[in-house]
Amino acid sequence: MEKDNITNDFVSNLPKEILGHIVSFLPNESSMETILISTKWRDLWNETIVRYGTKQDITNVLAKFLTSFDDFDPLKHPRKLQFHYDQDYALLATIANSTKLLLDFNFSPLKKECNENTQKHYELQFKLNEEKKISYNKCFSLKTLYLKSISYLTSEVASSIVSSLDHLESLVIVSCNGLKSLSIDFNFELHKLTILDCLELKWLHLKTSKLKSFQYRGSLPWILPEFHFNLSDAILDFRLGLSCGGIKSKDFDATLLTIKNSQALTLCRWTFEVSSSSLFH
């Protein structure tokens, strides 16, 4: 045990450049585990680039950040970007690996209270735009995107970012206060969609013909699917009840047909009294 500690201390005391070179030889999962070795390793993984600008600069700053990432040398450049804009706001971008990106639009190191502009209702339209792709290096092939705490102020920026990702396979949307309507139009690549705790969402329009996994937690919105998916799994948690009045059982027929043949189906507090024969026969 003492010998192992001496070895760990020796390795941890090596220069950052050498540590990065060592990590470059490890598989991605193993390289991330080095964060558990010591404080120095943890600090290396948590090193953050801090930039300042305006809301209009977010897309370009993010593209530059992604361009610098090198999966073959993951510690060569910081994996976190903290971008402060318009005085009171900040975006935290975190690269999990060469295919996963987390964007937290409500990151606030000073924990300032959100003003009324962040609470306004807004719509999100995610539709692939071939003319506005984000350019990044070939080492970064973004397939999974986590979007957290989008607000009225950042809705257009978020839409622009998502609409430029032509190989996106998994999209996770979490805790977007004020989000009233969400439209997702990805006909080919998107296979997994997760929407959690967007409590004011009233309309969800899905045009995603290849969707295999759908997870939703929150108030039940109007769900308008344009395709009947062959889902492998679905989780629908409507324990908070209806998001708006006027929804009848017949309005949910298209969604029932969509989830009917799911290989794995989890329902929490089903809103309508639908017999099992309606779902599975």
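About the criteria used
- Residues numbered from 1 in each chain as written.
- Predicted model: local features only at pLDDT ≥ 70, side-chain atom pairs only at ≥ 80, totals over all residues.
- Heavy atoms only, no water.
- Pairing = 2+ DSSP bridges.
- Helix = DSSP H or I, 4+ residues; strand = E, 2+ residues; numbered from the N terminus.
- Axes fitted to C-alpha atoms, helices over the stretch in contact; angles between N-to-C directions.
- Buried < 20%, exposed > 50% of the residue type's maximum accessible area, 1.4 Å probe, protein only.
- Contact = heavy atoms within 4.5 Å.
- Salt bridge = Lys/Arg side-chain N within 4 Å of Asp/Glu carboxyl O.
- Phe/Tyr/Trp six-rings, centres within 6.5 Å; stacked < 30°, edge-to-face > 60°.
- Parallel < 35°, antiparallel > 145°, perpendicular 65-115°, else oblique.
- Left-handed = near helix turned anticlockwise from the far one by under 90°.
- Nonpolar A, V, L, I, M, F, W, Y, C, P; charged D, E, K, R; others polar.

The name given to the protein in an unreviewed UniProt entry is F-box domain-containing protein, and the organism recorded there is Pisum sativum.

**Student:** Would you take a moment to explain the sheet that holds strand 12 (residues 222-225) for this structure?
**Tutor:** Strand pairing within a sheet occurs via backbone hydrogen bonds; the two strands may be parallel or antiparallel. If you walk across this open sheet you meet the 4 strands as 5-8-10-12, and the pairing is parallel. The two strands at the open ends of the sheet, each matched to only one other strand, are strand 5 (122-127) and strand 12. The mean angle between the axes of side-by-side strands here comes to 10 degrees, regardless of whether they run parallel or antiparallel. Here 6 bridges tie strand 5 to strand 8 (residues 179-185), and the two strands are oriented parallel to one another. In the sheet register, Q125 faces strand 8, and the bridge partner there is S183.

**Student:** Explain the pairing of strand 9 (residues 192-196) here, please?
**Tutor:** Here is the key point about a regular strand: its side chains alternate between the two faces of the sheet. One ladder, built from 5 bridges, connects strand 7 (residues 170-174) with strand 9; its direction is parallel. Across the sheet, residue I173 finds its bridge partner in strand 9, namely I195. When strand 9 meets strand 11 (residues 213-217), the two strands line up parallel, connected through 5 bridges. Note that in strand 11 the partner of L196 across the bridge is R217.

**Student:** I'm lost on helix 6 (residues 155-162) in this one. Help?
**Tutor:** Side chains that are three or four residues apart share a direction in an α-helix, a result of its 3.6 residues per turn. Where burial is concerned, most of helix 6 is hidden: 6 out of the 8 residues are buried. If you check which residues of helix 6 are buried, you get S155, V157, A158, S159, I161 and V162. For helix 6, the secondary structure elements touched by its buried residues are helix 5 (58-67), strand 4 (100-104), strand 5 and strand 6 (144-148).

**Student:** Could you clarify how one ought to interpret the pattern of salt bridges in this entry?
**Tutor:** Pairing between side chains becomes possible if they bear opposite charge and their charged atoms approach one another. Tallied over the entire structure, the rule returns 3 salt bridges. Residue E169 is joined to K143 by a salt bridge in which the shortest nitrogen-to-oxygen separation is 3.6 Å. Here the residue E169 occupies a position in the loop between helix 6 and strand 7, and K143 occupies one in the loop between strand 5 and strand 6, the gap between them amounting to 26 residues. A relative accessible area of 28% places E169 in the partly exposed class. Overall, the relative accessible area of 27% leaves K143 in the partly exposed class.

**Student:** Sorry, what's going on with the packing of aromatic side chains here?
**Tutor:** The description of two aromatic rings rests on the distance between their centres and on the angle between their planes. Per the counting criterion, the structure on display carries 3 aromatic pairs. Ring centres of F83 and Y85 lie 6.2 Å apart, and the angle between their planes is 15 degrees; this geometry places the pair in the stacked category. On the basis of relative accessibility, which here comes to 1%, the residue F83 falls in the buried class. The buried category is assigned to Y85, whose relative accessible area is 2%. Aromatic side chains Y216 and F238 sit 5.7 Å apart centroid to centroid with 55 degrees between the ring planes, which places their arrangement in the tilted category. Highlighted residues: Y216 in strand 11 and F238 in the loop between strand 13 (233-237) and helix 7 (253-259), separated in sequence by 22 residues. Considered together, Y216 and F238 belong to a single accessibility category, that of buried residues. Members of the aromatic cluster, joined through ring pairs, are F83, Y85 and Y89.

**Student:** Help me out: how do you make sense of the sheet that holds strand 14 (residues 264-268) in this one?
**Tutor:** Spatially, 10 strands are ordered 1-2-3-4-6-7-9-11-13-14 in an open sheet, and the strand pairing comes out mixed. At either end of the open sheet lies a strand with only one pairing partner, and these are strand 1 (48-53) and strand 14. Each adjacent strand pair in this sheet contributes to an overall mean axis angle of 10 degrees, direction not counted. Across 5 bridges, strand 3 (residues 89-97) lies against strand 4 in antiparallel orientation. Within strand 4, the residue paired with T94 across the bridge is L102.

**Student:** How should the environment of R79 be read in this particular structure?
**Tutor:** As for its position among the elements, R79 is in the loop between helix 5 and strand 2 (80-85). For R79, a relative accessible area of 3% translates into the label buried. Note: C-alpha distance between R79 and L66 (13 residues apart in sequence) is 8.9 Å.

**Student:** Can you help me understand the packing of helix 5 against helix 6 in this one?
**Tutor:** Helix-helix packing is described using two parameters, namely the angle between the two axes and the distance between the axes. The interhelical angle for the contact between helix 5 and helix 6, taken along N-to-C directions, is 40 degrees, at an axis separation of 10 Å. One way to sum up the angle between helix 5 and helix 6 is to call them oblique. Crossing hand, helix 5 versus helix 6: right-handed. Across the interface between the two elements, I58, T59 and L62 from helix 5 touch V157, S160 and I161 from helix 6. Of the residues that constitute the contact of helix 5 with helix 6, the class distribution is 4 nonpolar, 2 polar and no charged.

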